[in-house]
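Topology and contacts: notes
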Amino acid sequence: MEERKGFGTTFGFLMAAVGSAVGLGNIWGFPNKMGANGGFTFLIIYLILAALCGFVVMVGELALGRKTGRGVVSAYQVLSKRFKWLGWLGIIAPFLILSFYCALGGYCIKYVVLNVGDLFGASFGSNGLDGAGVFGAFMGNPVEAIIYGLIFVALTMIIVMGGIGGGIEKVCSVGMPALFVALLICIIRACT
């Protein structure tokens, strides 16, 4: 049997795990949800649920994968033939999540392009529109939204095709610390 390649470093694995747990969805939607649902109380409940539910599920999946050394469907089948359907949920759920991330990733790429355009005074910048105006114009042009979503899918495919060590680990080892620094800059900017 061919040996499966894994993460080369603990740091790379940790950054990939943090990246999958935090993700753009939490950074993008979390402040709005927290503000609309009770502020600090919401944060405490969120952290408790993340620790109790998220940590337990993550450790369970890691243990099952390490014990069986198989893909998600056959890992659950080894556990019990009755639970094979849970393995299929492990394939369907990321597919559905990716559909959300395609739209969100497309928005992010669009905003990077706009900010680079503004930085250089190019015509592809925001051209003086405020945030709501930029978003409204983007939503009013579905072809543009689809193009940016497809660019996100292509970038995702390139990273995944690089494999665990050569693609996911390399990108997460640089991207997650960069995201942390960017968040610190945003927090400092928001406080000043």
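Described below are features of the structure shown in this document.

Each value, and the rule that gives it
Residues numbered from 1 in each chain as written. Predicted model: local features only at pLDDT ≥ 70, side-chain atom pairs only at ≥ 80, totals over all residues. Heavy atoms only, no water. Helix = DSSP H or I, 4+ residues; strand = E, 2+ residues; numbered from the N terminus. Buried < 20%, exposed > 50% of the residue type's maximum accessible area, 1.4 Å probe, protein only. Contact = heavy atoms within 4.5 Å. Areas by Shrake-Rupley, 256 points an atom, 1.4 Å probe, with all protein chains shown as cover. Lys, Arg positive; Asp, Glu negative; His and termini not counted. Charge placed at Lys NZ, Arg CZ, Asp CG, Glu CD. Salt bridge = Lys/Arg side-chain N within 4 Å of Asp/Glu carboxyl O. Core = buried A, V, L, I, M, F, W, Y, C linked by side-chain atoms within 4.5 Å.

Digging into the overall build of the protein
For the protein, the helix and strand inventory stands at 7 helices and 0 strands. Counting helices and strands in the order they occur from the N terminus, the protein gives α-α-α-α-α-α-α. Taken along its principal axes, the extent of the C-alpha atoms in the protein is 60 × 40 × 30 Å. A buried classification covers 19% of the 192 residues belonging to the protein. Intrachain contacts of the protein at a sequence separation of at least 6 include 55% that bridge at least 24 residues. With an accessible surface of roughly 13600 Å², the protein has 74% of that area assigned to carbon and sulfur atoms. When the 12 positive and 7 negative side-chain charges of the protein are each reduced to one mean point, those points stand 14 Å apart.

Observations regarding the pattern of salt bridges
Using the criterion set out here, one finds 1 salt bridge in the structure. With its nearest N and O atoms 2.5 Å apart, the salt bridge here joins Lys 110 to Glu 144. Here Lys 110, found in helix H4 (residues 84-120), pairs with Glu 144, found in helix H6 (residues 142-161); they are 34 residues apart in sequence, far enough to count as distant. A relative accessible area of 12% places Lys 110 in the buried class.

A few points about the nonpolar core
Core analysis: the biggest nonpolar cluster contains 7 residues, these being Cys 102, Leu 104, Tyr 107, Ile 109, Phe 138, Tyr 148 and Phe 152. Going through the elements one at a time, H4 and H6 are the ones with two or more residues in this core. It is H4 that provides the largest number of residues to this core, a total of 4 residues. Phe 152 has contacts with Leu 98, Tyr 101, Cys 102, Gly 105, Gly 106 and Ile 109, leaving out every residue within four places of it along the chain.

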